Amino acid sequence: MRSRQLKERWEDDNEMFLKLNVKKRLIPTLFGGIIGDVIGVPVEFKERDTFFIDDMVGYGTYNQPLGTWSDDTSLTLCLIKNILENGTTKDLMDKFDAYYESGYCTPFGQMFDIGRTTMDSIVRYKGGSAPAHCGGRSEMDNGNGAIMRIAPLVFLMHNEFDFLKKVKVIKEYTEITHAHPRAVVGSVIYIELLLRLYHNRTLRDALKDIYELFHENFDANHEYIQELSHFTRIFSDDFLATERSEILSDGYLVHSIEAAIWSFGNSDSFRDAVILAVNLGADTDTIAAITGSLAGMYYKMKDIPEDWLNNVVLKEELETTINEFYLYCSDKAVKDTYGDWKK
Ligand SMILES: [Mg+2]
């Protein structure tokens, strides 16, 4: 009896620790992405070094007030809500369509930003295509529109060590808008990187792991290995020493991942990472959103400037949704780890 009680107490402590760990990472990862989006919105499309910002500001490119977030956050929220509702990818496409048509999950009920490939996929969906066949398949469809919205997937997989199982899920959520194999490889790199930061791996080791995982699981002729060659730069040991002028910050998936990893790796705080990313110019909101997620996962909530957080439009509503998602994911983490033995 006594050993049973001790075991239960031990399990309770571990469950609590696991839940706290999910909370400690999930909230700053998601808010980190949102804040990056917000900071990038006013200067989106601006050419590098024609501007400099070192704080959250309003207006600019879309003439939106301080704290306004864009499609990166809206489509991420669609995914979170869909997971909370146990929705299918078809339900998720309905949410994307509602975003596009009627401003679902936007700060002021109005959509003002959407990527071409994502828009094309919504049009195909409305034309009757199944979600798995909606995404763009050409080489020109390799924008950053999938990686900007998939960070929540990390918290469904915190304890999944089967690489191929993860690839399957990541592919399913990527190909609804971006179906070229390069887009899938980019999404896998991004999610695996976040997962490894969750498990306290260093950036260098995490990238090494990811490179090896691809080569251990796919042979040299596999399309994913062929596509991985486009991402070669991030896997080289001296990538972070790359000159700023060699880092491109347009919406091409490969460039966006490079820019985010370079900004994250060349800074010592959440603030510096996001500011470094935004000032690269061009696709500022998405690159800063991806950088913000990586930096949020790594530096955690204590390092996210409070004034930035407080400026975010609909902050309380976002907090409620993210908190609900944390509870969902932490319950799942406990069930995945300990099973349902108490019930
Ligand atoms: Mg955007």
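Residues numbered from 1 in each chain as written. Predicted model: local features only at pLDDT ≥ 70, side-chain atom pairs only at ≥ 80, totals over all residues.

I tried to follow unusual backbone geometry on my own but got confused; where do I start?
Trans peptide bonds make up most of the peptide bonds, and negative phi angles are found at most residues other than glycine. A positive phi is found at Asn-86, a non-glycine position, where the angle reads about 55°. As for its placement among the helices and strands, Asn-86 is situated in the loop between α2 (71-84) and α3 (89-102). Its identity as a non-glycine residue notwithstanding, Lys-300 has a phi of 70°, on the positive side. (Helix = DSSP H or I, 4+ residues; strand = E, 2+ residues; numbered from the N terminus.)

How should I be thinking about the nonpolar core in this particular structure?
One recurring pattern in soluble globular proteins: nonpolar side chains tend to sit buried together. Residues Ile-35, Leu-194, Val-274, Ala-277 and Leu-294 are the most contacted members of the largest nonpolar core, which totals 96 residues. No other element matches the 12 residues that helix α6 (residues 181-198) contributes to this core. Among residues more than four places away in sequence, those in contact with Leu-194 are Thr-29, Ala-151, Val-154, Ser-293, Leu-294 and Met-297. (Core = buried A, V, L, I, M, F, W, Y, C linked by C-beta atoms within 7 Å. Buried ≥ 20, exposed ≤ 12 C-beta atoms within 10 Å, placed from the backbone. Contact = placed C-beta atoms within 7 Å.)

Sorry, what's going on with the packing of helix α5 (residues 163-174) against α6 here?
Relative placement of two packed helices is described by the angle separating their axes and the distance separating the axes. The contact between α5 and α6 brings their axes to 9 Å, and the two run at 120°. By the criterion of interaxial angle, the relationship of α5 to α6 is oblique. Handedness of the α5/α6 crossing: right-handed. Packed against α5, whose contacting residues are Val-167, Ile-170, Lys-171 and Thr-174, the element α6 presents Ala-183, Val-184, Ser-187, Val-188 and Ile-191 at the interface. Here the contact of α5 with α6 is built from residues that sort into 6 nonpolar, 2 polar and 1 charged. (Axes fitted to C-alpha atoms, helices over the stretch in contact; angles between N-to-C directions. Parallel < 35°, antiparallel > 145°, perpendicular 65-115°, else oblique. Left-handed = near helix turned anticlockwise from the far one by under 90°. Nonpolar A, V, L, I, M, F, W, Y, C, P; charged D, E, K, R; others polar.)

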